[in-house]
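# Topology and contacts: notes
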Amino acid sequence: MKTLKDAKVGTTVTVARVNGTGALRRRIMDMGVTKGTEIYVRKVAPLGDPLEVTIRGYELSIRKADAEMIELA
């Protein structure tokens, strides 16, 4: 399954599911990352961590480890 970590810069992707459990999953969902949400990948830091994305009208920086938990449709 493709994850947010694998998405290319400049693409818009749709969240299929958020993996993980407990507080970590809840934190990702509290940031607005829920099933069916569109995410635009703005840029990736030079060393690949973090990713900068636009979601629900605001910019968000997300770590690669967290991006691996977000499966794409």
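Residues numbered from 1 in each chain as written. Predicted model: local features only at pLDDT ≥ 70, side-chain atom pairs only at ≥ 80, totals over all residues. Heavy atoms only, no water.

## Things to note about the sheet that holds strand β5 (residues 70-72)
Spatially, β4-β3-β2-β1-β5 is the arrangement adopted by the five strands of the open sheet, whose pairing is antiparallel. Whereas interior strands pair on both sides, the edge strands pair on one side only; in this sheet they are β4 (58-62) and β5. The average angle at which neighbouring strand axes cross in this sheet is 45°, direction not considered. Sheet topology places strand β1 (residues 12-18) next to strand β2 (residues 38-44); three bridges connect them, and they run antiparallel. For Thr12, the partnering residue across the bridge sits in β2 and is Tyr40. (Pairing = 2+ DSSP bridges. Helix = DSSP H or I, 4+ residues; strand = E, 2+ residues; numbered from the N terminus. Axes fitted to C-alpha atoms, helices over the stretch in contact; angles between N-to-C directions.)

Don't take any of this as a statement about function, it's just geometry.
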